[in-house]
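# Close look at the chain arrangement
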Amino acid sequence: MARRGKKKGRPISGWVVLDKPVGMGSTEAVSKIKWLFQAEKAGHAGTLDPLASGMLPIALGEATKTVPYVQDGAKIYRFTVAWGQERSTDDLEGPVTKEADQRPSETDVRALLGKYTGVIMQTPPQFSAIKIAGERAYDLAREGETVDIPAREIEIGRLDIVEHRPDRTIFEVECGKGTYVRSLARDMGRDLGCFGHISELRRVEVEPFTPEDFVTIAELEAARFGATVDEDDAQAADEAEPADAVAKPIDFDAIDALLVDTSAALDCLPQIAISDDAATKIRLGNPVIIRGRDAPVEAEEACATSRGKLVAIGAIEQGMFKPKRVFAG
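Since the structure is predicted, the reported quantities are computational estimates derived from the model, not experimental observations. (Residues numbered from 1 in each chain as written. Predicted model: local features only at pLDDT ≥ 70, side-chain atom pairs only at ≥ 80, totals over all residues. Heavy atoms only, no water.)

## A closer look at the packing of helix H1 (residues 26–37) against helix H6 (residues 217–225)
Two quantities define a packed helix pair, namely the angle between the axes and the distance from one axis to the other. Taken N-terminus to C-terminus, the directions of H1 and H6 make an angle of 20°; their axes are 10 Å apart at the nearest point. Taken as axis vectors, H1 and H6 run roughly parallel relative to one another. Along this stretch, H1 crosses H6, giving a crossing that reads as left-handed. Residues Lys 32, Ile 33, Trp 35, Leu 36 and Phe 37 of H1 pack against Ile 217, Leu 220, Glu 221, Arg 224 and Phe 225 of H6. Here the contact of H1 with H6 is composed, by residue class, of seven nonpolar, no polar and three charged. (Axes fitted to C-alpha atoms, helices over the stretch in contact; angles between N-to-C directions. Helix = DSSP H or I, 4+ residues; strand = E, 2+ residues; numbered from the N terminus. Parallel < 35°, antiparallel > 145°, perpendicular 65-115°, else oblique. Left-handed = near helix turned anticlockwise from the far one by under 90°. Contact = heavy atoms within 4.5 Å. Nonpolar A, V, L, I, M, F, W, Y, C, P; charged D, E, K, R; others polar.)

## Notes on the environment of Leu 48
Along the chain, Leu 48 turns up in the loop between strand E2 (42–44) and strand E3 (53–60). The exposure class assigned to Leu 48 is buried, which follows from its relative accessible area of 3%. Along the chain, Leu 48 and Thr 27 lie 21 residues apart, while their C-alpha atoms are 9.4 Å from each other. Excluding residues that lie within four positions of it along the chain, Leu 48 makes contacts with Lys 20, Ser 26, Ser 53, Gly 54, Met 55, Leu 56, Tyr 77 and Arg 203. (Buried < 20%, exposed > 50% of the residue type's maximum accessible area, 1.4 Å probe, protein only.)

## A closer look at the pairing of strand E11 (residues 168–175)
For E11, a buried count of six out of eight residues is recorded, marking the element as mostly surrounded by other parts of the structure. Bridging between strand E4 (residues 75–83) and E11 involves eight bridges; their strand directions are antiparallel. Pairing of Val 81 across the sheet is with Thr 169, part of E11. The turn linking strand E10 (residues 152–165) back onto E11 is made up of two residues. (Pairing = 2+ DSSP bridges.)

## Structural notes on the environment of Asp 191
Locating Asp 191 in the fold gives a position in helix H5 (residues 181–192). Overall, Asp 191 belongs to the partly exposed group, its relative accessible area being 37%. As a C-alpha pair, Asp 191 and Val 109 span 82 residues in sequence and 9.6 Å in three-dimensional space. Once residues lying within four places of it in the same chain are set aside, the contact partners of Asp 191 are Leu 112, Lys 115 and Tyr 116. Within the local environment of Asp 191, its side chain forms a polar contact with the side chain of Lys 115, the two groups lying 2.8 Å apart. (Polar contact = N/O pair within 3.5 Å; in protein donor to acceptor, adjacent residues only side chain to side chain.)

Next up, the structure:
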């Protein structure tokens, strides 16, 4: 008897702007979403620690080609720094490594904000995904090694105090790619002489997505199965294939309706509307002349669409669109 091939999943594309709960890792979240949508391919646009909650954009199918544009987008975090202790992981997960009795006033904290705004140098945490001699820093840290991680340039658009209490301060920060909020807590605590670590962290936004795009695991499960169900029972039912019966097709319309269109990730690029004929040529890898009085003559990157659907990302040179990355129709 011929061996049955493994299912590959559906060729579904789009973005799931997940409101990730505390305790779930980013890789675990991607696996969960991929299973719920029965998608062929999935990936996230920026790790969110298990102890953090909030926005984790997950790309399905063709949307994975647009991940770099979301990774480069500005991010907004709301976080709480607990004063008096520094921890090995710079959050609640690690053991206490330094302690102090003093606590900062709101005036003390506010005086620091300027130092941490604009383009600054920041040293990532010991427990981070930075590669040192080919190995992840967190793997070395778990083995007890202290590694020398070089500081790097990051950009912080704003850093505001939301609320201050004697033992903790709640902040909101808007920052660019590569910023470690845990490092902000560590460094501010050292500057204040009282030490500090992250006790709560939530990612509020990842450009171009907003909180209006949020969807929860519970909402996705309700859409997928029609009601909240136990995951093990749902997965068992989903995978069941009676030998003497043809499995009833599952209606994915409700859960698919919760996807954000792939093109939303490319709002930062010039949008070029093209004809159906031009779209066919571009999808074959051929350049086309861009027509229209307002069409740009030159652009390092632009997005070509046909009937509102994403066709390709490419460059415009001397009035001609040259595709670099093509999307399935």
